[in-house]
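# Coordinates in review
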Amino acid sequence: MHTLTTDKQHDESRQGESFAPFAADPNRYDRHFYIESYGCQMNFADSEVVASILQDQGYGATRQPDQADLILLNTCSIREKAEQTVRKRLTEFKQLKREKKGLLIGVLGCMAERLKSKFLEEERLVDIVVGPDAYRTLPQLIEEAGTGQKAVNVLLSREETYADIAPVRLGSNGVSAFVSIMRGCNNMCSFCVVPFTRGRERSRDDRSILAECLDLFQKGYREVTLLGQNVDSYHFTPESGGSAVHFAALLEQVARISPLLRIRFSTSHPKDITDEVLHTMARYPNICRYIHLPVQSGSSRVLQLMNRTYTREWYKAKVDRIREILPDCGISSDIIAGFCTETEADHQDTLDIMQYSRYDFSYMFFYSERPGTLAQRRYADDVPESIKKARLQQIVALQNELSLISNRQDIGKVFEVLIEGDSKRDEQSWMGRNSQNKVLVFPKTVPGLKRGDYVQVKVDQCTQATLLGSLVTE
Ligand code: SAH
Ligand code: SF4
Ligand code: F3S
C-alpha cells in the first residue's frame, strides 16, 4: 500500500532546507570534505562546483562529518527559518570541532553573503565564510584558515558563471542532473533577498552549457534541468561578436542533443516567458511539458507591492496561453501568504487564482521579512503571524485538493516515464516521472529494466502526491 508521501525527494530538494547526500567516495584521497546544501537547486548545483574545486586540491567527498577535515554548509537566506536551520546545524558541529584538532568549518552560499564577516563574530566556530561568486578562491581561504586566521571572501562578480568548471555530481541518481545556465537576479521582488545574496544577473556561455549537457548524456544521464533564478531572461552574447543567444534558442540547442534527453528548466518569471519558448517546447517532445510559474499572490494590489510587474489578469492570460499552445502542460507555482498589508480579500484573490490556474503542485510559504529587502525598508510586516499561518493553511488545503483533482484526471492514461530508481517505500516498485513532472510508482513486473530507461506506464490509482500505475507491455 502506498501512502501520500511516496517519492517526494525531488520536491524536498528544490527549496526545502534539506540535506545533500553524497556520491560514493573513492578511497583515494587523504583529505576529506563534507558538504551539506540548503535552499534552492542553484545551491545544490553550486555545491557540485565546490566539490570539483576541492577535488582538484586533493579533497575527496565523505558522507560522514566525523571523518572530514573540512565541513562546509552551503546556506540559504530566503526565509528566517532557513537561517535558523543552519545555525542549529552549526551548533551540532561544535562538539566535533572540539574533538578534532585542525577541523575547519566553512559557511558558503547566501547566508555567508548576507552576513559577511559578521558571521564570524556571531558564530565563533566558523573559520571560513565564502559568498556564491568566490568559490574559486576556496583553496587560498582554506590555506589561510589552516594557519589559524579567519578567512572571508564575499565579493560578488558581474562575470562569474563557473562555466569552465565540470561539476562533480554529488548524490546523483545517474539519470537527472542540474545544469546552471545563469547566475544572479536583476529583478527586485520586494520580499526577496536573492538579488542581494547572488548579485547581478549574468548568463553562461551557451557552448559550455551544451558541452556539459552532451557530456551528461554520453555518461548515461537522461534528464537535465537548466537552472537560473529567471531562466527566460537568459541571453549570452559571444565575445567574438555575433547575435545574442536567447532562452528559446538555448532550449532548442539542448533539445537537439538527443530525443532521449529530457530537458526541464526552472524558474520562469511569468513576465519573461515568451510565446517563442512555448512554441519551442511544442516542437520538441523531449522538452518536458512542465512549467514552474510562481504567482506569489493573486491580488493585483499585492503583486504591485511585491514589485512582480504583472497583474492578476496578465498572469491569467499567461496561463491561458500555456494551455493553448501546450494543452498537456503541467503548471506549478510558488505562493506567499500574508505579505505586508494583505487583506482577507487579497487572500481570497490568491485562492481564486489557484483555482483558475489549476496548479498541479505548489511551494507555499508565509511571508518572512528579510533584512535589507525593499519590503523591509518600505512596508510594515503587519499581518499577524496567526493570520499568516491560517491563510497558509487554507492555501495548502486548496492545493492538496487541486493536486488530487489533477491526479485523478490522469487515471486510465498512459504516460512515458523515465525510471529514476526504486520507490522509496517499496523496493519491488520503480519510481519515475512523466513529462509533466508527476511522480509515478509501478511494480517491477518486467525483468531487465534499469534506471534511465523509458517505459510506458498506465495510471491505475492515485494519491494527491503520486500516480500509481502498471507497466504497459505490448
Ligand atoms: N527566482 C524564483 C524564486 C526564488 S525564491 C522566482 O522568481 O520565482 C523561491 C520562492 O521563495 C519564491 O518564489 C517565493 O515564493 C519564496 N520567497 C522568497 N522570499 C520570501 C520571503 N521573504 N518570505 C516568504 N517566501 C519567500
Ligand atoms: Fe527573487 Fe524575484 Fe529574483 Fe525570483 S525573480 S530570485 S523572487 S527577486
Ligand atoms: Fe536560498 Fe540563495 Fe537559493 S537565498 S533560495 S539559496 S538563491
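Residues numbered from 1 in each chain as written. Chains lettered and ligands numbered in written order. Predicted model: local features only at pLDDT ≥ 70, side-chain atom pairs only at ≥ 80, totals over all residues. Heavy atoms only, no water.

For the rest of this paragraph, the subject is the pairing of strand E18 (residues 429-433). Taking burial as the measure, the five residues of E18 include five buried ones, the bulk of the element. As paired strands, strand E17 (residues 414-422) and E18 are joined by four bridges and run antiparallel to one another. Counterpart to glycine 421 in the pairing with E18 is methionine 431. The antiparallel hairpin formed by E17 and E18 contains six residues in its connecting segment. For E18 and strand E19 (residues 439-443), the ladder comprises five bridges, and the chain directions are antiparallel. From the neighbouring strand, methionine 431 faces E19, where its bridge partner is valine 441. (Buried < 20%, exposed > 50% of the residue type's maximum accessible area, 1.4 Å probe, protein only. Helix = DSSP H or I, 4+ residues; strand = E, 2+ residues; numbered from the N terminus. Pairing = 2+ DSSP bridges.)

This next bit is on unusual backbone geometry. That bond from serine 266 to threonine 267 is cis: its omega, 10°, falls within 30 degrees of zero. One can find threonine 267 in the loop between strand E13 (262-266) and helix H10 (275-283). A positive phi angle, close to 50°, is found at lysine 116, a residue other than glycine. With respect to the element layout, lysine 116 can be found in the loop between helix H4 (109-115) and helix H5 (118-122). Since its relative accessible area comes to 36%, lysine 116 is described here as partly exposed. Phi is positive for tyrosine 162, which is not a glycine, with a value near 55°.

Attention now moves to the sheet that holds strand E10 (residues 223-227). Spatial strand order, E7-E10-E13: three strands in an open sheet with parallel pairing. With one partner strand each, in any of the chains shown, strand E7 (176-180) and E13 form the two edges of the open sheet. Within the sheet, the average angular offset between the axes of one strand and its neighbour, ignoring direction, is 25°. Note that E7 and E10 share five bridges and pair parallel. Counted as the bridge partner of valine 179 is leucine 226 from E10. (Axes fitted to C-alpha atoms, helices over the stretch in contact; angles between N-to-C directions.)

As a matter of local geometry, ligand 2 sits amid Cys185, Asn187, Cys189, Phe191, Cys192, Val194, Pro195, Gln229, His269 and Arg308. Looking at the shell around ligand 2, its residues break down into six nonpolar, three polar and one charged. (Near = heavy atom within 4 Å. Nonpolar A, V, L, I, M, F, W, Y, C, P; charged D, E, K, R; others polar.)

As a general feature of sheets, a regular strand has side chains that alternate between the two faces. Of all seven residues in strand E1 (residues 31-37), six are buried; the element is thus mostly enclosed. Examined bridge by bridge, E1 and strand E2 (residues 59-61) share three bridges and lie parallel to one another. Bridge pairing in E2 links arginine 31 to tyrosine 59. The sheet contact formed by E1 and strand E3 (residues 70-75) spans five bridges and is parallel.

Once that is clear, we can look at the site of ligand 1. Around ligand 1, the surrounding shell holds 16 residues, and the nearest of these are Phe191, Gln229, Gln296, Asp334 and Ser368. A distance of 2.6 Å separates an oxygen atom of ligand 1 from a polar atom in the side chain of glutamine 296. At a separation of 2.6 Å, an oxygen atom of ligand 1 approaches a polar side-chain atom of aspartate 334. Starting from 540 Å² of accessible surface for ligand 1 in isolation, the protein chains cover 94%. (Polar contact = N/O pair within 3.5 Å; in protein donor to acceptor, adjacent residues only side chain to side chain. Areas by Shrake-Rupley, 256 points an atom, 1.4 Å probe, with all protein chains shown as cover.)

Read from one edge to the other, the open sheet built from six strands follows the order E2-E1-E3-E4-E5-E6, with strand pairing classed as parallel. Strand pairing shows two members of the sheet lacking a second neighbour, E2 and strand E6 (151-153), which therefore form its edges. Sheet twist, expressed as the average angle between the axes of neighbouring strands with direction ignored, equals 20°. Sheet analysis places E3 next to strand E4 (residues 104-108), joined by five bridges and oriented parallel. Across the sheet, asparagine 74 pairs through a bridge with leucine 108, a residue of E4.

We now examine helix H13 (residues 344-357). Helical periodicity: at 3.6 residues per turn, an α-helix aligns residues three or four positions apart in one direction. Between its terminal C-alpha atoms H13 stretches 20 Å, which fits the 20 Å expected from 14 residues at 1.5 Å a residue. Here H13 has its buried residues at Asp346, His347, Thr350, Leu351, Ile353, Met354 and Ser357. Seen from one end, H13 has its buried residues packed into an arc of 160°, which puts them on one side. Those residues of H13 that are buried lie in contact with helix H11 (300-305), helix H12 (312-325), strand E15 (330-337) and helix H15 (385-408). The first or second residue beyond H13 is arginine 358, which carries a positive phi of 50°. (Expected span 1.5 Å × (residues − 1). Arc of directions from axis to C-beta. Contact = heavy atoms within 4.5 Å.)

Opposite charge on two side chains permits them to pair, given that their charged atoms come into close proximity. A complete count under the given rule lists 39 salt bridges for this structure. Note that lysine 271 is salt-bridged to aspartate 272, the shortest N-O span being 2.7 Å. By relative accessible area, lysine 271 is classed as partly exposed at 28%. Overall, aspartate 272 belongs to the buried group, its relative accessible area being 18%. Through salt bridges that share partners, Asp46, Asp133, Arg183, Arg198 and Arg202 make up one connected network. (Salt bridge = Lys/Arg side-chain N within 4 Å of Asp/Glu carboxyl O.)

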